[in-house]
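Each chain is listed here by its residues.
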Amino acid sequence: MTNMPFFTRDGDTFHPTEVANGPWDPTSLHGRVIVGLLGFAIEERHSGPEFVPARLTVDMFRLPTIDKPIEVTTRLVRDGMRIRVVEAEFFSGGIGMARASCQLLRRTQNPDGNVWSPPNWDVPKPADIPKPTDPRLGMNGKWTTRPIVGHMGSLGPRKLWMSEVRELVAGVPMTPFVHVATGADFASPFANAGDKGLGYINSDVTIYLHRLPVTNWIGFEVVNHQATDGVAIGECWLYDEQGPIGTATVAALAQRKPMVNPSKR
């Protein structure tokens, strides 16, 4: 990749670049790079080929700005023979902005017998889909997509392929796990956007993986959106070019000021 990375690195400190900004405020970080960097630190410090990062949950409770240095701390909560649990915290300018919990499971073998699961999706490969001409579909170069069915905000089925076009951290090729972690935040706009645009901002992302992707293209299929009183959930099934790999689920809140009880004004 020759495009500008999302972060440069100086020891244990990460510095956001200008392309790491998000859609809500041009001076704030995109949720995707927060999730990606937490996954990056967890994998770099605590993973190994014998483990699958089966779940990553990231809570995003403050909005970091692109002008502050980033540090990520990690803590090994449990290091068992079969289960490894890691916690991580994302600091921007010395202030905690997000936290993560990751459960890594040791690879073994599937038990005997058959278990029902949904069929694999039958869609064209990314190479067989023309590159979109609208740069907004990749947020002007933050990623690249190949639309399959529907589009963000359409009222009906939505499916697409997504691939990264730049490194998360300068000089470090993206691993399959970091690739998924960085892209997973897309589940929020893809599942929660409606016919009047995106009115929800997600406060978390949870990824479940039964295996890591073996191709650079990650498929997103919207399977759920529900909302009540300004609180929404959205869910996408995730694929690579060989089949299903897991899910991405988000919680989100309406991007407007909360209603205030007149008696408390």
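In this numbering scheme, every chain counts its residues from 1 along its sequence in written order. Reporting in this predicted model follows two pLDDT cut-offs: at least 70 for local features of residues, and 80 or more for side-chain atom pairs to be given and counted; totals over whole chains, interfaces and linings ignore these cut-offs and use all residues. Water and hydrogen atoms play no part in the side-chain values, which are based on all heavy atoms of the structure.

Asks: How would you summarise the overall build of the protein chain if you had to cite specific residues and measurements?
Replies: Helix and strand definitions follow DSSP, with helices as H or I runs of at least four residues and strands as E runs of at least two, each counted in order from the N terminus. Helix and strand counts for the protein chain come out as three helices and 13 strands. Residues classed as buried in the protein chain amount to 48% of the 265 residues present. By the convention used here, residues are in contact when the closest approach between their heavy atoms is within 4.5 Å. Partitioning the intrachain contacts of the protein chain with sequence separation of at least 6 by distance along the chain shows that 65% fall at a separation of at least 24. Side chains of the protein chain give 27 positive and 27 negative charges; the mean places of these two sets differ by 4 Å. Only protein chains enter the accessibility calculation, which uses a 1.4 Å probe; a residue whose area is less than 20% of its type maximum is buried, one above 50% is exposed, and one in between is partly exposed. Counted charges follow a simple rule, with Lys and Arg positive, Asp and Glu negative, and His plus the chain ends left uncounted. We put the charge of a Lys on NZ, of an Arg on CZ, of an Asp on CG and of a Glu on CD.

Asks: Tell me about the packing of aromatic side chains, and please be specific about residues and values.
Replies: Working definition: rings of Phe, Tyr and Trp (its six-membered ring) pair if their centres are within 6.5 Å, and the pair is stacked with planes under 30 degrees apart, edge-to-face with planes over 60 apart, and tilted otherwise. In the structure shown here, the tally under the stated rule is seven aromatic pairs. Ring geometry for Trp-121 versus Tyr-239: centroids 3.9 Å apart, planes at 10 degrees, classification stacked. With Trp-121 in the loop between β6 (95–106) and β7 (143–149) and Tyr-239 in strand β12 (residues 231–240), this pair connects stretches of sequence that are 118 residues apart. By relative accessible area, which is 3% here, Tyr-239 ends up buried. When the ring of Phe-186 is compared with that of Phe-190, the centres are 5.0 Å apart and the planes differ by 25 degrees; the resulting orientation is stacked. Phe-190 shares its class with Phe-186; the two are buried. By way of ring pairs, the aromatic residues Trp-143, Phe-186, Phe-190 and Phe-220 are connected into one cluster.

Asks: How would you explain the side chain of His-46 if you had to name every residue and give the values?
Replies: Relative to the elements of secondary structure, His-46 occurs in helix α1 (residues 31–46). When its relative accessible area of 14% is taken as the criterion, His-46 is described as buried. Polar side-chain contacts of His-46 include one of 2.8 Å to the side chain of Thr-74. If we ignore the near neighbours within four places in the chain, the residues touching His-46 are Thr-74, Arg-75, Leu-76, Arg-84 and Val-86. Whenever two N or O atoms come within 3.5 Å, that pair is a polar contact, provided that in protein one can donate a hydrogen and the other can accept it, and provided that, for residues adjacent in sequence, both atoms are side-chain atoms.

Asks: So what about helix α2 (residues 176–183)? Which residues, and what values?
Replies: Counted residue by residue, α2 has seven buried out of eight residues, so it is predominantly covered. If you check which residues of α2 are buried, you get Phe-177, Val-178, His-179, Val-180, Ala-181, Thr-182 and Gly-183.

Asks: Give a description of the pattern of salt bridges that names residues and reports values.
Replies: Salt-bridge detection follows one rule: a side-chain nitrogen of Lys or Arg within 4 Å of a carboxyl oxygen of Asp or Glu. Tallied over the entire structure, the rule returns eight salt bridges. Note that Arg-9 is salt-bridged to Glu-44, the shortest N-O span being 2.9 Å. Pair noted here: Arg-9 is in strand β1 (residues 7–10) and Glu-44 is in helix α1, with a separation of 35 residues, a long-range link. The partly exposed category is assigned to Arg-9, whose relative accessible area is 33%.

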